[in-house]
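Descriptive analysis of the structure
Chain residues, written in single-letter form:
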Amino acid sequence: MLSNLNWQIGNRSKIAFWKDNWTGLSSNLITLSIAPPSAEETDLKINHSSFVSEEGWNVQYIEHHFNLSVVNRIMAVPHPEDVEGEDYLMWNNWKLAPSSCRDRIWSWKVKERVKFLMWKLFHERMPTKENIAKWSDSLNSCPSCPDKVETCLHVFRDCQKAVKAPAQGFLKLNVDGASLDSRAACGGLLRDCKGSWISGFSAFVGFCSPLQAELWAILKGLIFASNNGWKNIMLESDSLQAISLFTNVGNDTRKIPLVAKIQVFLNKDLTVLL
């Protein structure tokens, strides 16, 4: 759930500049830094004088620690003195308040079991080892990762058994697409050869069929990997039909633009295993 949360800066900032996700990027700034902060700096709040001045963001400090793309993203965020209201969390682009979140979950046009799962995830009510240990004498560690606490986030994202790890030197790209009432979305995640989570993406792809949504997931996943410089990819999708469209030699891909675009990336500078 934490990966879906993003802080919006207010004028009485309680956000940690380095540790919290407030830029809208895929992770916190520690993992994106080209010059990591000192131990003392990591806990500093975003309104600290190291990061902002009366004129705005401390450009010299920011340019020292990040590449240009991250610098530009930070500079596009109004700094703490420019906005009004308190800090608040956003989840999927809407203000995170318990009642509004609950109402939105139950109004989603998905199967009831999906709503119930999302409600339990949001409220941390899943029967994880962490939760069970709160009312019993059992350990809170993950059976597959004894040195890690089995939280909801660990179960669905970080556990080494959550997905089969790729070969040495490759990243595993798991993608999925879905369409309901023609409204479609897709997403995916990348893991390294140890099964550790690296990054992820999600996107609304407009109005299309379930098969097109699966193809969009594959295409956007390859674009995401390529844009981040990850060249050796093991691709996994649960749609055998989508995979077959660009792997069967006899298919005329000119009639399916999405498939043609996927093949452009397959023939580009990526090494993709299926």
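Just above, that's the structure.
Another aspect to go through is the overall build of the protein chain. The secondary structure content of the protein chain amounts to 10 helices and 10 strands. Across the 274 residues that make up the protein chain, the buried fraction comes to 38%. Taking as baseline every contact in the protein chain between residues at least 6 positions apart, the subset at least 24 positions apart corresponds to 55%.

Now for the packing of helix H8 (residues 210-227) against helix H10 (residues 257-266). What describes two packed helices is the angle between their axes and the distance between those same axes. In contact at an axis separation of 10 Å, H8 and H10 are set at 25° when each is read in the N-to-C sense. Compared by their axis directions, H8 and H10 come out roughly parallel. Crossing of H8 against H10: the hand is left-handed. Contact with H8, carried on its side by Gln212, Leu215, Trp216, Ile218, Leu219, Leu222, Ile223 and Ser226, involves Leu258, Val259, Lys261, Ile262, Phe265 and Leu266 of H10 and no other residues of that element. A breakdown of the residues in the contact of H8 with H10 according to their chemical character gives 11 nonpolar, 2 polar and 1 charged.

Right, let's talk about the nonpolar core for a bit. Counting 29 residues, the largest nonpolar core has Leu173, Ile218 and Leu222 as the members making the most contacts within it. Of all the secondary-structure elements, those providing two or more residues to this core are strand S6 (171-180), strand S7 (183-191), strand S8 (197-207), H8, strand S9 (232-237), helix H9 (240-247) and H10. It is H8 that provides the largest number of residues to this core, a total of 8 residues. Once residues within four sequence positions are removed from consideration, Leu222 is found in contact with Leu173, Ile262, Phe265, Leu266, Leu270 and Val272. Ranked by size, the runner-up nonpolar core spans 17 residues in total, among them Trp18, Leu29, Phe51 and Tyr61.

Here the focus is the sheet that holds S7. An order of S8-S7-S6-S9-S10 is seen for the 5 strands of this open sheet, with the pairing classed as mixed. Both outer strands of the open sheet, S8 and strand S10 (271-273), are each paired with one neighbouring strand and no more. For this sheet, the mean angle separating the axes of adjacent strands, direction not counted, is 25°. Alignment of S9 against S10, held across 3 bridges, turns out to be parallel. Across the sheet, Met234 pairs through a bridge with Leu273, a residue of S10.

A few words now on helix H3 (residues 68-75). All of the buried residues in H3 are Val70, Val71 and Ile74. The buried side chains of H3 occupy one side of the element, clustering within an arc of 105° when seen end-on. Away from the buried face of H3 by more than 90 degrees, exposed residues Leu68 and Ser69 are located. The secondary structure elements touched by the buried residues of H3 are helix H1 (29-32), strand S3 (56-57) and helix H2 (59-65).

Attention shifts here to the pairing of S6. Inspection of the sheet shows S6 paired to S9 by 5 bridges, in the parallel sense. Within S9, the residue paired with Val175 across the bridge is Ser237. In terms of strand pairing, S6 meets S7 through 9 bridges, oriented antiparallel. Note on S7: the bridge partner recorded for Asn174 is Leu189.

The rules behind each value
Residues numbered from 1 in each chain as written. Predicted model: local features only at pLDDT ≥ 70, side-chain atom pairs only at ≥ 80, totals over all residues. Heavy atoms only, no water. Helix = DSSP H or I, 4+ residues; strand = E, 2+ residues; numbered from the N terminus. Buried < 20%, exposed > 50% of the residue type's maximum accessible area, 1.4 Å probe, protein only. Contact = heavy atoms within 4.5 Å. Axes fitted to C-alpha atoms, helices over the stretch in contact; angles between N-to-C directions. Parallel < 35°, antiparallel > 145°, perpendicular 65-115°, else oblique. Left-handed = near helix turned anticlockwise from the far one by under 90°. Nonpolar A, V, L, I, M, F, W, Y, C, P; charged D, E, K, R; others polar. Core = buried A, V, L, I, M, F, W, Y, C linked by side-chain atoms within 4.5 Å. Pairing = 2+ DSSP bridges. Arc of directions from axis to C-beta.

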